[in-house]
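Chain by chain, the residues run as shown.
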Amino acid sequence: MGEPTLAYLFPAMAIFKAEDASGEAAALLNNMRVYGTCVLTCMATVVFVGVKYVNKFALVFLGCVILSILAIYAGVIKSAFDPPNFPICLLGNRTLSRHGFDVCAKLAWEGNETVTTQLWGLFCSSRFLNATCDEYFTRNNVTEIQGIPGAASGLIKENLWSSYLTKGVIVERRGMPSVGLADGTPVDMDHPYVFSDMTSYFTLLVGIYFPSVTGIMAGSNRSGDLRDAQKSIPTGTILAIATTSAVYISSVVLFGACIEGVVLRDKFGEAVNGNLVVGTLAWPSPWVIVIGSFFSTCGAGLQSLTGAPRLLQAISRDGIVPFLQVFGHGKANGEPTWALLLTACICEIGILIASLDEVAPILSMFFLMCYMFVNLACAVQTLLRTPNWRPRFRYYHWTLSFLGMSLCLALMFICSWYYALVAMLIAGLIYKYIEYRGAEKEWGDGIRGLSLSAARYALLRLEEGPPHTKNWRPQLLVLVRVDQDQNVVHPQLLSLTSQLKAGKGLTIVGSVLEGTFLDNHPQAQRAEESIRRLMEAEKVKGFCQVVISSNLRDGVSHLIQSGGLGGLQHNTVLVGWPRNWRQKEDHQTWRNFIELVRETTAGHLALLVTKNVSMFPGNPERFSEGSIDVWWIVHDGGMLMLLPFLLRHHKVWRKCKMRIFTVAQMDDNSIQMKKDLTTFLYHLRITAEVEVVEMHESDISAYTYEKTLVMEQRSQILKQMHLTKNEREREIQSITDESRGSIRRKNPANTRLRLNVPEETAGDSEEKPEEEVQLIHDQSAPSCPSSSPSPGEEPEREGEADPEKVHLTWTKDKSVAEKNKGPSPVSSEGIKDFFSMKPEWENLNQSNVRRMHTAVRLNEVIVKKSRDAKLVLLNMPGPPRNRNGDENYMEFLEVLTEHLDRVMLVRGGGREVITIYS
């Protein structure tokens, strides 16, 4: 606005005067800053008085703009048959600045004498004819052409193609004869040439042109002042954009058809002595364009100062951005006083910059980003089929919104990729701030709907099949107790959950309240709030579920069965040890615990039982040294190895080393077992110390029904090591020999008692141990789908493999049942039969000497080796089939873990959870 005021309306009002040509640009910018600030103050005052005055002025401004546009079209028509006199001077093909000379010629006639002109003095050392002149001036002629030849001149053919310039080069006319200089000859910047003041390219011009069409949101910003916004906004916006686009594009084409290219590229009008080119083209007078430009700028400024503060005030009153709430206040009639003040300050920054070329790309970025998000919101709401998204405009389609979003994003990076990145960074920071501190409003959040759709898609994908072993991680169901005040009894369980999960995977914290839903619903809500607060304090990312049941036993069962959703379900249950289970009044607690163990086993869920949970470290604590000891008595699918690895990712356990103790019988090859286990850990990329502890078979009899210590464990290790078939057969044969000798030394009666098989079946099994050996050999060998089955072997049928049970061993009775069949794939029924066998816990009280022999001996060894360990993990044997032995089972676990500070009993879910593959 300051530019037309100073350059054309009132040039004598300039405060800063330029002493020479070099300071002219700086003086102009300073004058624009002063007068631009004055005009901004006047417009802000008008808006402050009231929007009704802006609407009255708007009609006057609109009339002036329409008259200016009509004057331009009339001038174009007139130029076709009567072009205006608008000369420009060229030296060769170089455009000359009119400042410093008046006659476009080297020599002039005064009477009968030839004299030099002012132009001669600018290029030569003196005004005499024998003076030394610039080489280019000497070689080329001076030509005067018309800057506006008119619409009938055919100039559109030359101006149709692009001609971008770099900063500091001379503006030249294409097609003019010129005698050039040798390459590398410098150009004297003091000569009166017209130089390009900046590097131009297409995207820069788009950024400068784009603010002229940014009024598309004007109707939306003033929707509160419209009588029928739903009808007025679409109609008015489309008509306004269509009208302005037609005017802008037609003006560009008509200017190219009427005006010389060197004049169009002369930004400051130096070649035409600073005259207004469009004003010269217009009819009937240039003053129509000058006044129209002034009022057009005033009108656009008033519209911006009217719409932007109202939008800011609405955002502030909604509380979306908390630190902007002060700008929601205004006058009694609702005028946004403080928002107007902030808007005026932002406008003042642009005035102080005083360069449209610098400000326009920045404005374009934020306008484009605003339009991009509006289009994105419309497209997302349509694609999500949100019930409350009901656009009234009948011709709307989501592809139009998506196309608009794509164009806006592309233009952002085409115009200026670094401005685009900065704008998107600012938008991202504002969004995260709103998400963290902003208020939730009744119009909702489109991103939340997108999250729901993505979550649904992901859950359906999870239903396609079980996760691969390399993707397995404990998805925890944490069972906690709450007291009478609905506070968690053992918050250390959630601390351990946070250390074990580190925010990854699924975590469900569940609790059970006794009673009826109608009576206890308020208590359940308070319990959920208490658990959520504790989860937030312990940084546990997950869900909370409180169940009301007539008894705790059924409530826990419901949680285990119904926790999770679809494929996103828990695979591991974390629970605390019933500490006071020996007390008579608390007998139901340990019975519920054993039923929990049975249900997790039946559901193929892993079980983690923490004993002395109150001694477990909280998240603020740090262990500077110590170890996590793993007692690997039977193979559980790798749970015992995976848990310490996960714990050591947390800063509480990071400095603890990992030690693995495996138990071998006296007749096992302990040295070879240690070597194999070390190799296995190396392939798993787990760093741990390995130690083999030798014990008598009677000392670990509680675990013998899950016998994977020798044959199965070793065969799985060899599988993971990728040995060749011959090497595997040699290794398995050595295991077979050791096992055969061990079987012959065992008492047949004890074997029959432990396996619950008939005597004749057990006898057959003893007579034919090779059958079991052959079955294990077949299970260990990898199957190749592309190879043909050997004679007598049935081909494997698709879908028979059960990935959760492929690492379990066969029972003796199953091997006898397969005696008359050839080698065949392992059936899941045999595995189930085997795992259903339990030790006879009810027979443990027959003698005071043998009652807890196993637990005592194991406990002595564990305490001796792991007394100073920060955490001890060991296998948890299965519960008895006969419920008469439940109390002995609890006693066994109690004795097994005595004199240990922190213990975690681990029972696998019946599938492999760790692999050597990345």
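Since the structure is predicted, the reported quantities are computational estimates derived from the model, not experimental observations. (Residues numbered from 1 in each chain as written. Predicted model: local features only at pLDDT ≥ 70, side-chain atom pairs only at ≥ 80, totals over all residues. Heavy atoms only, no water.)

**Things to note about the overall build of the protein chain**
This is how the line gets drawn: In this text, helices come from DSSP runs of H or I with a minimum length of four residues, and strands from runs of E with a minimum of two, each type numbered from the N-terminal end. Only protein chains enter the accessibility calculation, which uses a 1.4 Å probe; a residue whose area is less than 20% of its type maximum is buried, one above 50% is exposed, and one in between is partly exposed. Contacts are assigned to residue pairs that have any heavy atoms within 4.5 Å of one another. What sets the accessible areas is the Shrake-Rupley method with a 1.4 Å probe; for residues, cover comes only from the shown protein chains.
When helices and strands are tallied, the protein chain shows 32 helices and 15 strands. Scored against the burial criterion, the 918 residues of the protein chain give a buried share of 42%. Across the protein chain, contacts joining residues at least 24 apart in sequence account for 77% of those joining residues at least 6 apart. Surface exposure of the protein chain reaches about 49300 Å², of which carbon and sulfur atoms provide 58%.

**So, the state of the cysteines**
Definition in use: We call a pair of cysteine sulfur atoms a disulfide whenever their separation is within 2.5 Å.
On inspection of all chains with the given rule, the structure shows two disulfides. Sulfur-sulfur distance for the disulfide between C89 and C104 comes to 1.9 Å. Since a negative S-S torsion denotes a left-handed disulfide, the C89-C104 link at about 80 degrees is right-handed. In this pair, C89 sits in strand 1 (residues 87–91) while C104 sits in the loop between strand 2 (94–95) and strand 3 (107–110), placing the two residues 15 residues apart along the sequence. An identical accessibility class is assigned to C89 and C104; each is buried. Two residues, C124 and C133, share a disulfide whose sulfurs are 1.8 Å apart. Handedness of the C124-C133 disulfide follows from its S-S torsion of about 100 degrees: it is right-handed. C133 matches C124 in its accessibility class, with the two residues each being buried. Here the disulfide map of the protein chain reads 1-2, 3-4, the bonded cysteines being numbered as they appear in the sequence. Of the cysteine sulfurs around C38, a residue in no disulfide, the closest is that of C42, at 7.0 Å.

**A few points about the UniProt feature "transmembrane region" (unreviewed entry) in the protein chain**
Test applied: UniProt positions are given in the numbering used here, feature names are shortened, and annotations may be inferred rather than shown by experiment.
Following the UniProt record, the feature "transmembrane region" (unreviewed entry) maps to residues 32–51, 58–77, 198–218, 238–264, 284–302, 338–356, 362–384 and 396–420 here. Helix makes up 93% of residues 238–264 and strand makes up 0%, while its end C-alpha atoms are separated by 31 Å.

**Re the pairing of strand 3**
Going by this rule: A pair of strands is labelled paired if DSSP reports no fewer than 2 bridges between them.
In this structure, strand 3 lies alongside strand 4 (residues 113–116), joined through four bridges in antiparallel fashion. Within the sheet, the bridge partner assigned to A108 lies in strand 4 and is V115.

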